[in-house]
Each structure stands twice: as C-alpha cells, then as structure tokens.
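# An overview of the molecular structure
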Amino acid sequence: MVKICCIGAGYVGGPTMAVIALKCPSIEVAVVDISVPRINAWNSDQLPIYEPGLDEVVKQCRGRNLFFSTDVEKHVCEADIVFVSVNTPTKTRGLGAGKAADLTYWESAARMIADVSKSDKIVVEKSTVPVKTAEAIEKILMHNSKGINFQILSNPEFLAEGTAIEDLFKPDRVLIGGRETPGGQKAIQALKDVYAHWVPEDRILTTNLWSAELSKLAANAFLAQRISSVNAMSALCEATGADVTQVSYAVGKDSRIGPKFLNASVGFGGSCFQKDILNLVYICECNGLPEVAEYWKQVIKINDYQKSRFVNRLVSSMFNTVANKKIAVLGFAFKKDTGDTRETPAIDVCKGLLGDKARLSIYDPQVTEDQIQRDLTMNKFDWDHPLHLQPMSPTTVKQVSVVWSAYEATKDAHGICILTEWDEFKTLDYQKIYDNMQKPAFIFDGRNIVDAEKLREIGFIVYSIGKPLDA
Ligand code: NAD
C-alpha cells in the first residue's frame, strides 16, 4: 500500500488530502500538523475550516484511509510520498521584509524530513513557494540524507477557498514539475499515478521544476490583475456615467478575454493574491528586473486604492463624517462560502471607518467575534513604509460589536456596507431593514449583489461600485 503524508493540515493540506483519500482507497493518507487544536478539530465533528462538501468527504474516509495526527515524525518516516503544505507568509522582518516569502516553516519541515527518514522518498512542494525553492530544499535534504534518495517535485495547488472540493474533484489542471533526470521522471510518474485515479490524463501537466513553481505565482498574479483591471475601470465608470457591469459584459464577450473574474468589487483579499504578488515583485527585483516588478506592484496599488476609494465614498456620501454613526458591516470573510478572513478587504474598510470614529456592527455567517477582534487589532505591514506600523487602540476596538444576524446589525444603523457576497444578503427583507434604520438610510454595496433599483424604490440611497451615482 502506498503511503502519503502531508505536513500542514490547513486550508490546502486538509481538503486536498481528504480528496486524495476519497478517490484512492488503496492509498493510506496521514495529514500531520504541529498545531494540536487544529488536529483535534480535524478529528472532531467541528472541522477547523468551513468549506462546502468537506464534511462529507472527511466523514467517508476518516479512520478508513485518512488520518489526522500530531505525530509528524512517525508519519513522515513511514511515507513514500511527503507533501509539504505549510504556510509561506510574507516575511515581516529582515532581508526582503514585506515582500519575500518566509520559508521558515518550509525549511524546518525539510530538515525534519531529512532527520527522520529511513527510506527513499518523494517530497512534494504543495505550498506556494518562490521559484527555485526546490533547489534550496534539495540542498537541505541531500546534505543530511544519510544515503537516502529524495526526489523533489513541485505540485502547486490551484483550488479556490469556498469551492475547494469542487475544484479538487474537477481540476482545470494538475501541474507536476520535476527534474529531467530518470529519478525525477520516475517520481513524476508516481505522483501522476495518484492523480490518475480521478483526473483525466490530458489535465495532468508535467513541466520542469522551475516552470511549475513559477506557474503558481503567475496564475495568482494574472487572476488578481484581472480584478485590479476591472476595479480600475470601475473608478472611470463612476467618473463618466458608464456602468461597469455593462462594460465587463461587453469586454468579457471577447473570446480572447472571457467573462470570468471580471466583477468589480471593493477589492480582492485572501491569504494568497497579495502575498504571491509581493513574492513575485521580490523575485523580479532580485533578478534585476525592476520594470517587471513595478508592473506587478500596480496590481496591489490599485487594490489598496479601491478599498480607500470605497471608504472615502462612504464617508463623503454620509455628509463627510461617520463619527458616532452606526454602520452595519455585512460580511467580513474575504469571499463567500469561507470563514477565512486573511487579508480580507473588510479589515481595511473597517479600520478606515473606525479611523473616522464610526460605530461598527458586524455580521458574517461564518466568522467569529474573536477573529474579527484579532484582525482589527493586528498590525498591517506597509511594504512601502516598513517602519510605519499602526496598531489599533483598545478604545477603537470598543467601537466594534459583532452580532449574529443582518437584522440586528442594521437596526438603528445610519448606513450599511456589504463587504462579502454571501447569498443571504441578496434575499434579506430590505423593506424591514429600511424601516428600522436611521434616515436617510444608505447602502454601500462593495460586491454589487443587491438590486439597487429596488432598494432605491424603498427609499435607500445606494452606492454600487462602478455604477452611475445616486443624485
Ligand atoms: P494554513 O496556515 O491554513 O496551514 C498551514 C499549516 O501548516 C498550519 O496548520 C501550520 O500549523 C502547519 N505547519 C507549519 N509548520 C509546520 C511544521 N513544521 N510541521 C507541521 N505542520 C506545520 O495555510 P494554507 O492556507 O493551507 O496554505 C498552505 C500553502 O498553500 C501556502 O503556501 C499557500 O500559499 C498555499 N495555497 C493556499 C491556498 C488557499 O486558498 N489557502 C490555495 C493554494 C495554495
């Protein structure tokens, strides 16, 4: 029986391994993590992450051929294939701070693999890492190998949170990069054999190591760039009377461009887009390509601009101040169908409103009060001004309440801002909400999900991104 171990039981390691276990009953899969609470949660009925369809997959395989454990060394030692899916955040200090990927977790995982291994292994980069990381990992493994043969593969993950299970069941592609040596090619084949249990052969792409590593950064940069492109257009739409939905539709009809990822919004978030672009920027700079670095930086600059533009529009519409006004914030996760708030635009929007002394009442169906309080008190690293860190004061945090329904959040509010596109926000009883709000009642739709015309008929003053403005 082939044995797989995955180091890192997070948003990627957990769902990807659960799907491998489901689709490959003949393979034993162990997902290991140094975090005891996380592993306990994976072994309970309350999984540590919310992802549609995940519960069912885990229930079917857990205890059969899927195991979650904190005994990292034992499972690594027994495995034939070791996936490494640890976090690779942006470095916050030292060389490359604010841009480069922090590979501390990766390096310690690699050293541990070298230490505990007693048999040959394929080590798979599942985390998103800078191009050429495999070379560094090879050095660590080879110099500590005690004669063991390690083959390194790059197999980046393209799932999107909120649709992870769907994406894993039917991936657009599975990408495997490896060395062009006989050993490297044999390792590629072994990993292909795993995916071949359910992924059609023409969707499994093989490349050299560096192409696979770089493709993941490139894919995230391209996706984020589309969002920043349409968001940049949304500002121009507001200035000219064009409607960004109509423009996106017309542009997306071009088969060379296509319709996906062209929705204007308050901005992108999530743990990956910004971090991976910053990483790309750093790699370009290190390779003497400042113009290319500058190009990708703009994607993040537009994203930051879009968030501050949204806050400015909100404050200026509400007679240039939100001091002591109650603002209902609907949605805090960075997108619908996830409880993940890493880099969510809601953090910057809420901080902006708190800066103007608003009182916030926040509701998100999957985000806890603890998460929100932590996110709003955490420092944000400003990569253009690395010394300029602004923690929130405890008094500011007192201006925030976290509630358990949209109706409670909006009661007596002066304004509403919608920051996550949860389906339930489309079907709220807006007449009831309007009746219970201060007047004039404002709605700022950061996801363009509500029917602005209907809301105007009720009496709301509505701001949608990239649309003609209310008189
Ligand atoms: P995560 O923070 O949810 O999970 C990482 C886990 O690794 C944590 O539980 C941590 O405790 C564990 N860990 C760290 N060091 C360890 C060690 N030495 N031994 C055992 N466990 C260790 O991160 P994630 O969102 O799952 O992302 C993992 C990687 O996948 C990142 O590189 C990310 O960029 C990439 N990625 C993420 C997504 C996404 O949507 N979240 C999608 C594609 C790729």
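Please refer to the structure higher up on the page.
What you are looking at is a predicted structure, and each value in this text was computed from that prediction instead of being measured.

Each value, and the rule that gives it
Every residue gets a number counted from 1 within its own chain, in the order that chain's sequence is written. Only residues with pLDDT of 70 or above have their local features reported here, since the model is predicted, and side-chain atom pairs are shown and tallied only from 80 upward, although totals for entire chains, interfaces and linings are computed over all residues. Computation of side-chain values covers all heavy atoms of the structure but excludes hydrogens and water. What counts as a helix is a DSSP run of H or I of at least four residues, what counts as a strand is a run of E of at least two, and both are numbered from the N terminus. Radius of gyration here uses only the C-alpha atoms, and the compact-globule reference equals 2.2 Å multiplied by the residue count raised to the power 0.38. The rule is simple: take the accessible area with a 1.4 Å probe, protein chains only, and divide by the maximum for that residue type; under 20% is buried, over 50% is exposed, in between is partly exposed. Whether two residues are in contact is decided by their heavy atoms, any of which lying within 4.5 Å being enough. Computed with the Shrake-Rupley method and a 1.4 Å probe, the accessible areas treat only the protein chains shown as cover for residues. Asp and Glu are treated as the negative residues and Lys and Arg as the positive ones, with His and the ends of the chain left uncounted. Where a charge lies is defined by one atom per residue type: Lys uses NZ, Arg uses CZ, Asp uses CG and Glu uses CD. Strands qualify as paired when DSSP identifies two bridges or more between them. Axis lines are fitted through C-alpha atoms, for helices just across the contact stretch, and the angle between N-to-C directions can take any value from 0 to 180 degrees. The nearness test applies per residue and asks whether one of its heavy atoms lies within 4 Å of the molecule or strand. Polar contact criterion, stated in full: a pair of N or O atoms within 3.5 Å, where within protein one must be able to donate a hydrogen and the other to accept it, and residues adjacent in sequence count only if both atoms are side-chain atoms. Residue polarity follows a fixed list, in which Ala, Val, Leu, Ile, Met, Phe, Trp, Tyr, Cys and Pro are nonpolar, Asp, Glu, Lys and Arg are charged, and the others, Gly among them, are polar. The split of the chain into domains comes from an automatic or database domain assignment. Crossing handedness is defined as follows: a turn of the near helix away from the far one that is anticlockwise and smaller than a right angle gives a left-handed crossing, while the clockwise case is right-handed. Here, a salt bridge means any Lys or Arg side-chain nitrogen found within 4 Å of an Asp or Glu carboxyl oxygen. Multiplying one less than the number of residues by 1.5 Å gives the expected span of a helix.

## Looking at the overall build of the chain
- Along its length, the chain carries 18 helices and 14 strands.
- Expected size for 471 residues packed as a compact globule is a radius of gyration near 23 Å; at 24 Å, the chain falls within 12% of this value.
- A principal-axis box enclosing the C-alpha atoms of the chain has dimensions of 75 × 50 × 45 Å.
- Relative to its 471 residues, the chain shows a buried fraction of 53%.
- Look at the contacts in the chain between residues 6 or more apart in sequence, and 76% of them connect residues 24 or more apart.
- Counting only carbon and sulfur atoms, one obtains 54% of the accessible surface of the chain, whose full area is about 21,000 Å².
- Charge separation in the chain, taken as the distance between the mean sites of 53 positive and 58 negative side-chain charges, equals 1 Å.

## Here's the deal with the sheet that holds strand β4 (residues 81-84)
- Taken together, the eight strands give an open sheet; going across it, the order is β3-β2-β1-β4-β5-β6-β7-β8, and neighbouring strands pair in mixed fashion. At either margin of the open sheet sits one strand with a lone partner, and together these are β3 (66-69) and β8 (204-208). Looking at each pair of strands side by side, their axes are set apart by 25 degrees on average, direction ignored.
- Summarising the sheet, strand β1 (residues 3-7) and strand β2 (residues 28-32) pair through five bridges and their orientation is parallel. If you follow C5 over to β2, its bridge partner there is A30.

## What about unusual backbone geometry?
- Residue P440 is reached from K439 by a cis peptide bond, and omega for that bond is -5 degrees.
- Along the chain, the position of P440 falls in the loop between α17 (430-435) and β13 (442-445).
- Phi is positive for N320, close to 70 degrees, though the residue is something other than glycine.
- Assignment of secondary structure puts N320 in the loop between α12 (290-317) and β9 (326-330).
- Take N320: its relative accessible area is 58%, and that puts it in the exposed class.
- Backbone geometry at E343 places phi at a positive 60 degrees, although glycine is not the residue there.
- In this structure, E343 sits in the loop between β9 and α13 (345-355).
- Judged by relative accessible area, E343 falls into the partly exposed class, the value being 38%.

## Remarks on the site of the ligand
- Close to the ligand lie 24 residues; D33, R38, T88, E161 and K275 are nearest.
- Note that an oxygen atom of the ligand is positioned 2.8 Å from one of the side-chain N or O atoms of R38.
- Within the backbone of T128, one N or O atom sits 2.9 Å away from an oxygen atom of the ligand.
- When the free accessible area of the ligand is taken as 830 Å², the share hidden by the protein chains comes to 92%.
- Its residues assigned to classes, the shell around the ligand comprises eight nonpolar, nine polar and seven charged.
- A domain-level breakdown of the shell around the ligand finds at least three residues from each of domain 1 (3-199) and domain 2 (243-464).

## Some details on the packing of helix α9 (residues 209-240) against helix α11 (residues 273-286)
- The interhelical angle for the contact between α9 and α11, taken along N-to-C directions, is 115 degrees, at an axis separation of 9 Å. The way α9 lies across α11 gives a crossing that is left-handed. Together, L214, K216, L217, N220, A221, L223, A224 and I227 of α9 and F273, D276, I277, N279, L280 and I283 of α11 make up the contact between the two elements.
- Taken together, the residues that form the contact of α9 with α11 break down as ten nonpolar, two polar and two charged.

## Thoughts on the pattern of salt bridges
- Across all of its chains, the model carries 23 salt bridges by this definition.
- Ionic pairing is found between E138 and R179, a salt bridge with its closest N-O pair at 2.7 Å. Within this pair, whereas E138 is found in helix α6 (residues 133-143), its partner R179 is found in the loop between β7 (174-178) and α8 (182-195), the two being separated by 41 residues in sequence.
- Using a relative accessible area of 28% as the deciding quantity, one classes R179 as partly exposed.
- Connected through salt bridges with shared partners, the residues K3, K74 and E78 form a single ionic network.

## Focus: the sheet that holds strand β10 (residues 359-363)
- The six strands lie next to each other as β11-β10-β9-β12-β13-β14, forming an open sheet whose pairing is parallel. Edge positions in the open sheet fall to β11 (400-402) and β14 (461-464), since each of these has one partner strand only. If you compare each strand with its neighbour and ignore which way they point, the axes differ by 20 degrees on average.
- Pairing analysis gives three bridges linking β10 to β11, with the strands arranged parallel. Bridge assignment links I362 to a residue of β11, and that residue is V402.
- Across the sheet, α13 is in contact with β9, β10, β11 and β12 (415-418); its angle to β10 comes to roughly 155 degrees.
- Seen against the sheet, helix α14 (residues 369-377) touches β10 and β11 and runs at an angle of roughly 155 degrees to β11.

## Some words on the side chain of T344
- Here T344 is to be found in the loop between β9 and α13.
- Among the polar contacts made by the side chain of T344, one reaches the main-chain carbonyl oxygen of A333 at a distance of 3.5 Å.
- The contact partners of T344, leaving out residues within four places of it in the chain, are G269, G270, F332, A333 and F334.

## Some words on the pairing of strand β6 (residues 150-154)
- Buried residues dominate β6, accounting for five of its five residues.
- On β6, burial covers both faces: F150, I152 and S154 on one face and Q151 and L153 on the other are all buried.
- Of the strand pairs in this sheet, strand β5 (residues 121-125) and β6 are connected by five bridges, and their pairing is parallel. Across the sheet, the residue bridging to K121 is F150, located in β6.

## Describing α9
- With 32 residues, α9 ought to run about 46 Å at 1.5 Å a step, and its terminal C-alpha atoms sit 47 Å apart, in line with that.
- Capping the start of α9, N208 holds a side-chain oxygen 3.1 Å from the backbone nitrogen of W210, two or three residues further along.

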